[in-house]
Amino acid sequence: MIFTPLPISGAFQIEMEPRTDPRGSFARMFCAEEFAAHGLNANWVQMNASVTLEKGTLRGLHFQNHPKHEAKLIRCIKGAIHDVVVDFRAGSPTFGEHCTLELSDVNRTMIYISKGCAHGFQTLRSDTELLYAHSEYYSPECESGVHFADPDLAIHWPLKPIGLSDRDASFSSFAQLEPIQL
């Protein structure tokens, strides 16, 4: 696997290194030793899948509060997304900044998101499916988020956002939330 640091401290683009032969290819998506060698979480406790039907649908920006902060590993296995990570960690050198990465079934790229970062995405194709690995169990009482259109964050979404849930539409601005203490 190839680990490339992203502009958000502790976030990585992870590319698989396929081994090919006339039948096709084989590649590792995860190796605890390689993740640990990069200082990344190597203990995943939950796997989730998300299917989004319409192009332009926006989900996020989500995170979990104390004591259920979570790291995430995400791969798009069908379709394509514009993925966004926002650093919400108090004291982080990239606090308040965001970065984006396109994940698709064509590029097979994964993104590693550190604990204390908010995450969201917009589908670039209809019928898009993601796989998520989480370092912490889902905890409804700890879930929170940042408003996707916060002018202070100035996130550029490539398409007009559609399909926003009531919960996501009601999230507060970045400035109204307490930074995450890890």
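Please read these numbers as outputs of a predicted model, since none were measured by experiment.

Peer 1: Would you explain the overall build of the protein in this entry?
Peer 2: Helix and strand counts for the protein stand at two helices and 13 strands. Taking 182 residues into account, the globule formula puts the C-alpha radius of gyration at 16 Å, and the protein, at 16 Å, falls close to it. By principal-axis analysis of the C-alpha atoms, the protein measures approximately 55 × 35 × 25 Å. Within the protein, buried positions represent 48% of all 182 residues. The long-range share in the protein, meaning contacts at least 24 apart out of those at least 6 apart in sequence, stands at 79%. By element, 52% of the accessible surface of the protein is carried by carbon and sulfur atoms, the whole surface being about 9100 Å². With 15 positive and 22 negative side-chain charges, the protein shows a separation of 7 Å between the mean positions of the two kinds.

Peer 1: Looking at this model, I keep getting lost on the environment of Thr4. Mind explaining?
Peer 2: As for its placement among the helices and strands, Thr4 is situated in strand S1 (residues 2-5). Classification of Thr4 by relative accessible area gives partly exposed; the value is 31%. Linking Thr4 and Ile14, residues ten residues apart in sequence, is a C-alpha distance of 6.3 Å. Setting aside anything within four residues of it in sequence, one finds Thr4 in contact with Ala11, Phe12, Gln13 and Glu15.

Peer 1: What is the right way to read the sheet that holds strand S6 (residues 58-64) from this model?
Peer 2: On the basis of which strands lie adjacent, the open sheet formed by five strands has the order S9-S8-S11-S6-S13 and antiparallel pairing. Because the sheet does not close on itself, it has two edges, and the strands there are strand S9 (98-104) and strand S13 (143-145). This sheet shows a mean twist of 30° between the axes of neighbouring strands, independent of strand direction. Examined bridge by bridge, S6 and strand S11 (residues 117-123) share four bridges and lie antiparallel to one another. Residue pairing in the sheet places His62 in a bridge with His119 of S11.

Peer 1: Looking at this model, I keep getting lost on the packing of aromatic side chains. Mind explaining?
Peer 2: What characterises a pair of aromatic rings is the spacing of the ring centres plus the angle enclosed by the ring planes. Summed over the entire model, instances satisfying the criterion amount to ten aromatic pairs. Here the aromatic rings of Phe3 and Phe35 are separated by 5.3 Å at their centres, their planes lie at 85°, and the arrangement is edge-to-face. One end of the pair, Phe3, is in strand S1; the other, Phe35, is in helix H1 (residues 32-37), and 32 residues separate them in sequence. For Phe3, a relative accessible area of 11% translates into the label buried. The buried category is assigned to Phe35, whose relative accessible area is 0%. Ring centres of Phe88 and Phe174 lie 5.0 Å apart, and the angle between their planes is 75°; this geometry places the pair in the edge-to-face category. Of this pair, Phe88 sits in the loop between strand S8 (80-87) and S9 while Phe174 sits in the segment after helix H2 (166-169), and the two are 86 residues apart along the sequence. Here the aromatic residues Phe3, Phe12, Phe30, Phe35, Trp44 and Tyr112 are joined through ring pairs into a cluster of three or more.

Peer 1: Would you take a moment to explain the pattern of salt bridges for this structure?
Peer 2: Opposite charge on two side chains permits them to pair, given that their charged atoms come into close proximity. Per the counting criterion, the structure on display carries nine salt bridges. In this structure, Glu70 engages Lys72 in a salt bridge whose closest nitrogen and oxygen atoms are separated by 3.9 Å. Judged on exposure class, the residue Glu70 and its partner Lys72 are both buried. Among the charged side chains, a salt-bridge network with shared partners connects Glu143, Arg167 and Asp168.

Conventions and cut-offs
- Residues numbered from 1 in each chain as written.
- Predicted model: local features only at pLDDT ≥ 70, side-chain atom pairs only at ≥ 80, totals over all residues.
- Heavy atoms only, no water.
- Helix = DSSP H or I, 4+ residues; strand = E, 2+ residues; numbered from the N terminus.
- Rg over C-alpha atoms; globule rule 2.2 N^0.38 Å.
- Buried < 20%, exposed > 50% of the residue type's maximum accessible area, 1.4 Å probe, protein only.
- Contact = heavy atoms within 4.5 Å.
- Areas by Shrake-Rupley, 256 points an atom, 1.4 Å probe, with all protein chains shown as cover.
- Lys, Arg positive; Asp, Glu negative; His and termini not counted.
- Charge placed at Lys NZ, Arg CZ, Asp CG, Glu CD.
- Pairing = 2+ DSSP bridges.
- Axes fitted to C-alpha atoms, helices over the stretch in contact; angles between N-to-C directions.
- Phe/Tyr/Trp six-rings, centres within 6.5 Å; stacked < 30°, edge-to-face > 60°.
- Salt bridge = Lys/Arg side-chain N within 4 Å of Asp/Glu carboxyl O.

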